[in-house]
There are 2 protein chains.
Amino acid sequence: MRKVYVNGDFKNEDEAKVSIFDRGLLFSDSIYEVTSVIDGKLIDFNHHMKRLDRSMTELKFKSFINHDEILEFHRKLIEFNNLKEGMIYTQVTRGVVDRSFDMPKDVIKPTVLAFTQEKKILESDAAKNGIKVMTLEDMRWKRNDIKTTQLLYASMAKSEATAKGFDDAWMLRQGYITEGSSNNVWIVKGKIIMTRHSDNLILSGITREAVLKCAKDLGYEIVTKNFTLQDAQSANEAFITSATALVTPVVKINTSKIGGGKPGNFVKALRAEYIKQALETAI
Amino acid sequence: MRKVYVNGDFKNEDEAKVSIFDRGLLFSDSIYEVTSVIDGKLIDFNHHMKRLDRSMTELKFKSFINHDEILEFHRKLIEFNNLKEGMIYTQVTRGVVDRSFDMPKDVIKPTVLAFTQEKKILESDAAKNGIKVMTLEDMRWKRNDIKTTQLLYASMAKSEATAKGFDDAWMLRQGYITEGSSNNVWIVKGKIIMTRHSDNLILSGITREAVLKCAKDLGYEIVTKNFTLQDAQSANEAFITSATALVTPVVKINTSKIGGGKPGNFVKALRAEYIKQALETAI
């Protein structure tokens, strides 16, 4: 039985609960982070904490959670659950208060919860063979730069994709690809790497930032620029980045094979470089 | 201490909880309804149930909740809490399952929760004096026809409005007013009543439907048509409808007074007519 974390306590997963009056449940007034664990160590923890703070600031949460405290329960969850490879999910909601669209004027105690999930990260099938994506309209709200739990559309998109035999969905807004259901999107044309520029319509990924550096280290030119479905389908290579996908090749977009339907050499090199740098800084 | 309802049990409000793995909490994969209670009776209950079913269908929930069962816990909540006037909030989530963007393929048991809130509905200050609204951009997702708990932006909008001395926010998308934070919007020009046409960008309000009938009964012509901020600011009267606001006058939009800053005769008559018809069919 997994041990999970809720508001300072470690509980068995079937006993971990929050109030029905939690604003995370009633209003999606809540944010989260997912940190990868490899060899029992946390990848890019400090950047995830910075983004957690940013999300709380953007939503005008009145309390912050101490990063050392978060690091401590992360370490304990890894220990209790003997987690070697996978992720830790952490969610912070505004807290518990009687239901009202008008946010509480008083400072209320945020709800903090976290749990582990085991997952093959380094040697996944997706990394080896690449994934297939389909496109659909991006119908999400216009503040995807905040990592909130308003994830219903992303979940609907992912589910529609898997029901149709794809691995994920890429979302299109006004002709440009924004994001995958929970990852940033990239294409490679010759020596140029393109990823969507970071604005209010996408999440500025922690892995995206690290990969931008890795690509430079490998001598590639990077253009942060919106691209269309046609750009993507005519690319030499394509890939996604996220905390748990790391760098994962995309080998098919709708009916078009990319790179002949096999992961390309650049994405393999980039994934290897990212893993090397990530493990060097893991804590 | 309020008694609330969770998954078949009545609990004290401070003991009512859901799992941290509930998809309502993790993915906003959840819908709700709010039914008004006047004189201990439920207003428009059957229409709320029909809409609950529609929301569940749109989200491809695999289970339905029996309406008689819902009616039974509504009646018990009214009795236990001695509720004369206010509302009952009911939420249904897809249920509890280990976290994944890909929705569960198996049928899982939905989470059902409900609680009462006391509120002055018939004799509110807002109804007597009217409310002031400000406008801001509608940044919500594009499926507001489904009554989900993805309410963060609506809550941010309401809070921004009250912080600036207004009662609510009206949202603008591509130049047209869509909705208030939790209500439908209407304006009156001469003998013509205008309300935004019902599409994927607004909720098709239960009270909106009832009020359309009331307006006809009073001999007014109704046009369901998008209108702009300029249309609204030059209107003779303006109002909102919702389950708990019923018909509530709007007397100021941004810096413009409507009807000299006082509720107009039409909105007063319409409110009276709506209350008369609602009480006739209350159960």
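Just so it is clear, the model here is predicted, and its values are computed rather than measured.

Run through the sheet that holds strand β2 (residues 9-12) of chain B, naming residues and quoting values.
Residue and element names in this part refer to chain B. The strand order across the open sheet built from 6 strands is β2-β1-β7-β6-β4-β5, with neighbouring strands paired in antiparallel fashion. Each of the sheet's edge strands pairs with one partner strand only, and the pair in question is β2 and β5 (41-42). Bridge analysis of strand β1 (residues 3-6) against strand β7 (residues 111-118) gives 2 bridges, and the strand direction is antiparallel. Among the inter-strand pairings, Y5 is bridged to a residue of β7, identified as A114. The strands touched by helix α3 (residues 67-80) are β1, β2, β4 (30-38), β5, β6 (86-93) and β7; relative to β1, the strand with the most contacts, the crossing angle is about 160 degrees.

A description of the packing of helix α6 (residues 206-217) of chain B against helix α8 (residues 265-281) of chain B should follow, citing residues and the corresponding values.
To describe two helices that pack against each other, one gives the angle between their axes and the distance between the axes. Residue and element names in this part refer to chain B. Between α6 and α8, the shortest axis-to-axis distance is 9 Å and the interhelical angle comes to 110 degrees. The angle between α6 and α8 falls in the class roughly perpendicular. For the crossing formed where α6 meets α8, the hand is right-handed. Note on element contacts: α8 touches α6 through F266, L270, E273, Y274 and Q277, opposite T207, A210, V211, K213, C214, A215 and D217. For the contact of α6 with α8, the per-class residue count stands at 7 nonpolar, 2 polar and 3 charged.

How would you explain the relation of the copies chain A and chain B if you had to name every residue and give the values?
The transform that puts chain A on chain B rotates by 180 degrees and translates by 0.0 Å along the axis, for an RMSD of 0.0 Å. In the structure described here, the two chain copies are related by an operation that fits a two-fold rotation axis. In this assembly, 100% of the residues forming the interface of chain A have copies in chain B that are likewise at the interface, indicating an isologous arrangement.

Account for helix α2 (residues 45-58) of chain A, with residues named and values stated.
Residues and elements named next belong to chain A. End to end, α2 covers 20 Å across 14 residues, agreeing with the expected 20 Å (1.5 Å per residue, within 8%). Regarding α2, the residues found buried are F45, H48, M49, R51, L52, S55 and M56. Mapping the buried residues of α2 onto a view down its axis gives an arc of 165 degrees, with all of them on the same face. Exposed residues on α2 whose side chains face more than 90 degrees from its buried face are N46 and K50. Contacts made by the buried residues of α2 are with β4 (30-38), β5 (41-42), α3 (67-80), β6 (86-93) and α6 (206-217). Just beyond α2, the residue with positive phi is K60, at close to 55 degrees.

Would you mind going over the pattern of salt bridges in detail, with residue names and values included?
All names here are of chain A. As enumerated under the stated definition, the model contains 39 salt bridges over all chains in all. Across the pair E13 and R2 runs a salt bridge whose closest N-O atoms are separated by 2.7 Å. Remark: R2 occurs in the segment before β1 (3-6) and E13 occurs in the loop between β2 (9-12) and β3 (17-19); sequence separation between them is 11 residues. Because the salt bridges share partners, they merge into one network encompassing R54, E58, R143 and D145.

With reference to specific residues and values, describe the interface of chain A and chain B.
The interface of chain A with chain B comprises 55 residues on the first partner and 55 residues on the second. Regarding the contact of chain A and chain B, the summed buried area is about 4,800 Å², with carbon and sulfur atoms giving 63% of it. Our count for the contact surface shared by chain A and chain B stands at 4 salt bridges. Ionic pairing is found between E137(A) and K142(B), a salt bridge with its closest N-O pair at 3.3 Å. Between chain A and chain B we count 32 residue pairs in polar contact (both at pLDDT 80 or more) in total. When residues of the side of chain A that touches chain B are traced back to their parent elements, those giving at least two are β1, β3, α1 (23-27), β4, β6, β7 (111-118) and α5 (152-163) of chain A. Among the elements that make up the side of chain A that touches chain B, the one with the highest residue count is α5(A) (8 residues).

Go over α6(A), please, and point to the residues and values.
Between the first and last C-alpha of α6(A) there are 17 Å, a value that for 12 residues agrees with the 16 Å anticipated at 1.5 Å per step. Positive backbone phi, approximately 90 degrees, marks G219(A), located one or two places after α6(A).

Definitions and cut-offs
- Here the residue index of a chain counts from 1 through its sequence in written order.
- Ligands are numbered from 1 and chains lettered from A, in the order in which they are written.
- Given that this is a predicted model, residues contribute local features only at a pLDDT of at least 70 and side-chain atom pairs are listed and counted only at 80 or more, while totals for whole chains, interfaces and linings are drawn from all residues.
- Side-chain calculation: all heavy atoms of the structure are included, whereas hydrogens and water are not.
- A pair of strands is considered paired only if DSSP assigns at least 2 bridges between the two.
- Each helix is a run of H or I in the DSSP string that is no shorter than four residues. Each strand is a run of E no shorter than two, and both are numbered from the N terminus.
- The contact criterion used is simple: two residues touch if any of their non-hydrogen atoms lie within 4.5 Å.
- Only the contacting stretch of a helix is used when fitting its axis, a line to C-alpha atoms as for every element, and angles between N-to-C directions run 0 to 180 degrees.
- When describing relative orientation, an angle under 35 degrees is termed roughly parallel and one over 145 degrees roughly antiparallel, while 65 to 115 degrees is termed roughly perpendicular and anything else oblique.
- We call a crossing left-handed when the near helix sits turned anticlockwise from the far one by less than a right angle, and right-handed when that turn is clockwise.
- Under the convention adopted here, Pro, Cys and the residues Ala, Val, Leu, Ile, Met, Phe, Trp and Tyr are nonpolar, Asp, Glu, Lys and Arg are charged, and Gly plus all remaining residues are polar.
- Least squares is used to superpose the copies, and the fit set is the C-alpha atoms of residues whose pLDDT is at least 70 in both copies.
- Every helix has an expected span of 1.5 Å times one less than the residues it contains.
- Between buried and exposed lies partly exposed: a residue is buried under 20% and exposed over 50% of the maximum accessible area for its type, with that area taken using a 1.4 Å probe on protein chains only.
- The arc in question is the one traced by the directions running from the helix axis out to the C-beta atoms.
- Here, a salt bridge means any side-chain nitrogen of Lys or Arg that lies within 4 Å of a carboxyl oxygen of Asp or Glu.
- Two parts lose some accessible area (1.4 Å probe) when they are put together, and adding that loss for both gives the buried area.
- Pairs of N or O atoms are called polar contacts if they sit within 3.5 Å, as long as, within protein, a hydrogen donor faces a hydrogen acceptor (for residues adjacent in sequence, only side-chain-to-side-chain pairs).

Limitation: the analysis is restricted to geometry and does not speak to function.
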